Amino acid sequence: MPNASSWSASSPLLLLWDDSSGTRIFLSLLYAVLAISGTLSNVMVIYLVFSFKKLQTTSNAFIVNGCAADLSVCALWMPQEAVLGLLPPNSSSLRSAEYRLLRGGLLGLGLTVSLASHLLVAFNRYVLITKLPSVYQALYQRKHTGCMIGLSWALALLPVPLLPGLWTLGSAQSDGGSRYSALLLALAVLGQTALLLHCYLGIVRRVRGSAKRVSVLNFHLLHHVSVLLLCCVFLLGTQPLVWVSLLGFFLRPAPPALQAASWLLLCSLSALNPLLYTWRSEEFRRAARSVLP
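Note that this is a predicted model, so its numbers are computed, not measured. (Residues numbered from 1 in each chain as written. Predicted model: local features only at pLDDT ≥ 70, side-chain atom pairs only at ≥ 80, totals over all residues. Heavy atoms only, no water.)

1. Focus: the nonpolar core
- Grouped together as the largest cluster of nonpolar side chains are 62 residues, with contacts concentrated most on Trp77, Met78, Tyr200 and Trp263.
- Counting residues per element, the ones that place at least two in this core are α1 (21–51), α2 (58–84), α4 (97–130), α8 (175–208), α9 (224–250), α10 (256–278) and α11 (282–291).
- The residues touching Trp77, leaving out its near neighbours within four places in the chain, are Tyr31, Ser72, Arg103, Leu106, Leu107 and Cys267. (Core = buried A, V, L, I, M, F, W, Y, C linked by side-chain atoms within 4.5 Å. Buried < 20%, exposed > 50% of the residue type's maximum accessible area, 1.4 Å probe, protein only. Helix = DSSP H or I, 4+ residues; strand = E, 2+ residues; numbered from the N terminus. Contact = heavy atoms within 4.5 Å.)

Pasting the structure below:
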């Protein structure tokens, strides 16, 4: 019987090897649904931004960057998890170290750039609302925007040597290393979340103190309900993994099912991100209506 520290360094569904076939089939179907819906929504947002000039803004450039990263998770990683979950647990494909590294690389690259894009969007809107127009124009010139997007991908490639421990979350062979990798991941996500909330709370404070109704790049973002929903969904997707990782490092490992659920929530953000940033935009809705039957 595997213990909590050896759970699924090689399991495709982040579950113990002795999980029932019914559970594995259910999670395979869940991954398949997320893969299809996430791929379609991310591709749609990218297509709309490239097809309609009104949508080609700096903020949308960061959103497209996040969608491209989310495709790495939804279109490349999730389908593999859905298929591998239907294979016998002792399948040689699942035990291949090289294949686990490849899958971990796809997941790590996609999630890292996606989380960085969340922060880039929030900071872009924070500067637009709270700073002078001249400051915004100087900071977000085309070349600067390109450098920010390129930097998000470069930073995602830095932890490549740590991928086996960082993105497969546990290995019986190097339990200590995986614990420190999980701590590093938790602290990075926690810091990113603090910066993101600082930006959005700063926007809300600024708007409350203004007598004018502000529209950000055709996003009616500054309705407080929209900001609150975006932050709540983001927190729901990221914080369980943070606190499960911190609990495992400082006290005792959380139950394997709770660890798996926290990872599944984080990965599901890749399918939800396009909706979070476009559902309140009249420009996106108008563009979508013009291309959909």
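2. Considerations on the side chain of Ser268
- On the secondary structure map, Ser268 appears in helix α10.
- Judged by its relative accessible area of 14%, Ser268 is buried.
- Here the side chain of Ser268 touches Leu265 through a polar contact of 2.6 Å, landing on its backbone oxygen.
- Excluding residues within four positions of it along the chain, Ser268 makes contact with Leu34 and Met78. (Polar contact = N/O pair within 3.5 Å; in protein donor to acceptor, adjacent residues only side chain to side chain.)

3. Regarding empty space enclosed by the protein
- Following the criterion strictly, the structure yields four cavities of 30 Å³ or more and no others.
- Taken as a whole, the second largest cavity holds about 80 Å³ of empty space.
- In terms of lining, the second largest cavity is formed by Phe62, Ile63, Gly66, Cys67, Asp70, Ser114, Ser117, His118, Val121, Asn273, Pro274 and Tyr277.
- Ranked by residues supplied to the lining of the second largest cavity, first place goes to α2 with five residues.
- Tallied by class, residues from the lining of the second largest cavity come to six nonpolar, five polar and one charged. (1 Å grid on protein atoms, 1.4 Å probe; cavity = no way out; pocket = protein on both sides within 12 Å on 5 of 7 lines; lining within 4 Å. Points joined across faces, edges and corners; volume = space filled by probe spheres on them. Nonpolar A, V, L, I, M, F, W, Y, C, P; charged D, E, K, R; others polar.)

4. Topic: the packing of α2 against helix α6 (residues 142–157)
- Between α2 and α6, the least distance of the axes is 11 Å, while the angle of their chain directions is 20°. Classified by the angle between their axes, α2 and α6 sit roughly parallel to one another. Taken as a pair, α2 and α6 cross one another with a handedness that is right-handed. Taken together, the residues of α6 that come into contact with α2 (itself represented by Thr58, Ala61, Phe62, Asn65, Ala68 and Ala69) are Thr145, Met148, Ile149, Ser152 and Trp153.
- When its residues are assigned to classes, the contact of α2 with α6 shows seven nonpolar, four polar and no charged. (Axes fitted to C-alpha atoms, helices over the stretch in contact; angles between N-to-C directions. Parallel < 35°, antiparallel > 145°, perpendicular 65-115°, else oblique. Left-handed = near helix turned anticlockwise from the far one by under 90°.)

5. Quick word on the layout of surface pockets
- The calculated volume of the second largest pocket comes to roughly 360 Å³.
- Along the walls of the second largest pocket sit Val49, Phe50, Gln56, Thr57, Thr58, Ala61, Val64, Tyr140, Gln141, Arg142, Thr145 and Ile149, which together make up its complete lining.
- Secondary-structure elements contributing two or more residues to the lining of the second largest pocket are α1, α2 and α6.
- In terms of residue class, the lining of the second largest pocket is built from six nonpolar, five polar and one charged.

6. Some thoughts on the UniProt feature "transmembrane region" (unreviewed entry) in the chain
- The positions UniProt marks with the feature "transmembrane region" (unreviewed entry) are residues 25–50, 62–80, 100–123, 144–162, 182–204, 225–251 and 257–279.
- For residues 182–204, helix accounts for 100% and strand for 0%, while the C-alpha atoms at its two ends are 33 Å apart.
- Along residues 257–279, the helical share is 96% and the strand share 0%, with 32 Å between the first and last C-alpha atoms. (UniProt positions renumbered as here; feature names shortened; annotations may be inferred.)

7. Looking at the packing of aromatic side chains
- With the rule as written, the count across this model stands at four aromatic pairs.
- Their ring planes at 70° and their centres at 6.1 Å tell us that Phe62 and Tyr140 sit as a pair that is edge-to-face. Linking Phe62 in helix α2 with Tyr140 in the loop between α5 (133–139) and α6, this pair joins segments that are 78 residues apart in sequence.
- For Phe62, a relative accessible area of 1% translates into the label buried.
- Taking relative accessible area as the criterion, Tyr140 reaches 7% and is therefore assigned buried.
- Between Tyr136 and Tyr140, the ring centres sit 5.0 Å apart and the planes meet at 35°, which makes this aromatic pair tilted.
- On the basis of relative accessible area, Tyr136 is assigned to the buried category, the value being 12%.
- Chaining the aromatic ring pairs together yields one cluster made of Phe62, Tyr136 and Tyr140. (Phe/Tyr/Trp six-rings, centres within 6.5 Å; stacked < 30°, edge-to-face > 60°.)

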